[in-house]
Amino acid sequence: MTIPLWDVKNNCIRKPNIDELSEATYTLIQLLGIGEVTTYGDLAKLLDVSPRLIGRILGKNKDLVIIPCHRVIMKNFKTGGYSIGIEFKRKLLELEGSLDSDGFVKRENYRSLYDFLTDP
């Protein structure tokens, strides 16, 4: 699913630029409640980009309280990176009840935003 945008100046449809992708990514993350997580791949599928691009966008997030990017994890249910340190991300996920005793994210806390937003 690509999110095309109408280019008024050139009267055509175009792909979003990085600022628009960042805004869309941050908006999607705000749909996650406390204790819920999604994956980089899930967000990438929604925005028709690579999971690595999602990671780079989240790495530039300056509003960590408003945009809870710690709730985005790897597809193998490992925590993944965090701009201010993996241990801090793990602590936030632990406080929200998202980690199991082995330090992996609990599968029952996973929410597919793709399924949520595309399921009729």
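Preceding this paragraph is the structure being described.
Our subject in this report is the structure included herewith. (Residues numbered from 1 in each chain as written. Predicted model: local features only at pLDDT ≥ 70, side-chain atom pairs only at ≥ 80, totals over all residues. Heavy atoms only, no water.)

## Re the environment of Pro51
For the record, the criterion: Numbering of helices and strands runs from the N terminus, with a helix taken as a DSSP run of H or I at least four residues long and a strand as a DSSP run of E at least two residues long. Each residue gets one of three labels from its accessible area relative to the maximum for its type: buried under 20%, exposed over 50%, partly exposed in between, using a 1.4 Å probe on protein chains only.
Position of Pro51 relative to the elements: it lies in helix H3 (residues 51-59). By relative accessible area, Pro51 is classed as partly exposed at 40%. Taking the C-alpha atoms as reference points, Pro51 and Met74, separated by 23 residues in sequence, lie 9.2 Å from one another.

## What about helix H1 (residues 18-29)?
Quick reminder of the rule: Every helix has an expected span of 1.5 Å times one less than the residues it contains. Each C-beta atom gives one direction from the helix axis, and the arc is the one those directions make. Whether two residues touch is decided by their heavy atoms; if any such pair falls within 4.5 Å, the residues are in contact.
Taking 1.5 Å per residue, 12 residues should reach 16 Å; H1 reaches 16 Å between its end C-alpha atoms and fits that length. Residues of H1 that are buried: Leu21, Ser22, Thr25, Tyr26, Leu28 and Ile29. Projected down its long axis, H1 carries its buried residues within an arc of 160°, all on one side. Pointing more than 90 degrees away from the buried face of H1 are the exposed residues Asp19 and Glu23. Taken together, the buried residues of H1 touch helix H2 (40-47), H3, strand E4 (72-73) and helix H5 (113-118).

## Description of a positive patch on the surface
The condition that has to hold: Patch membership is restricted to residues that have no salt bridge and whose relative accessible area is over 30%. Joining uses 9 Å for like charges and 5 Å for the nonpolar side chains Val, Leu, Ile, Met, Phe, Trp and Tyr. A 1.4 Å probe and the Shrake-Rupley method give the accessible areas. Residues count as covered only by the protein chains that appear here. Note on definitions: salt bridges are taken to be side-chain nitrogens of Lys or Arg within 4 Å of carboxyl oxygens of Asp or Glu. The charge count treats Lys and Arg as positive and Asp and Glu as negative. His and the chain ends do not count. By convention, the charge on Lys lies at NZ, on Arg at CZ, on Asp at CG and on Glu at CD.
There is a patch of like positive charges on the surface, built from Arg52, Arg56, Lys60 and Lys62. Mapped onto the fold, Lys60 is located in the loop between H3 and E4.

## Topic: the layout of surface pockets
Applied cut-off: Cavities and pockets are defined on a 1 Å grid built over the protein atoms alone: a cavity is a set of grid points where a 1.4 Å probe fits but cannot escape, while a pocket is an open set with protein on both sides within 12 Å along at least five of seven lines, and lining residues are those with an atom within 4 Å of any such point. Grid points are joined across faces, edges and corners, and a volume is the space filled by probe spheres set on the points.
In this structure, the largest pocket occupies an estimated 300 Å³ of space. For the largest pocket, the lining is made up of 17 residues, of which Tyr40, Pro51, Gly55, Ile73 and Met74 are closest to its centre. Sorting the residues of the lining of the largest pocket by element identifies H2 and H3 as the ones contributing at least two each. At five residues, H3 tops the list of elements feeding residues into the lining of the largest pocket.

## A few points about the environment of Leu117
Positionally, Leu117 belongs in helix H5. Residue classification places Leu117 among the partly exposed residues on the basis of a relative accessible area of 41%. For the pair Leu117 and Leu46, spaced 71 residues apart in the sequence, the C-alpha separation amounts to 8.7 Å. Apart from the residues lying within four places of it in its own chain, the contact partners of Leu117 are Leu28, Leu31 and Leu46.

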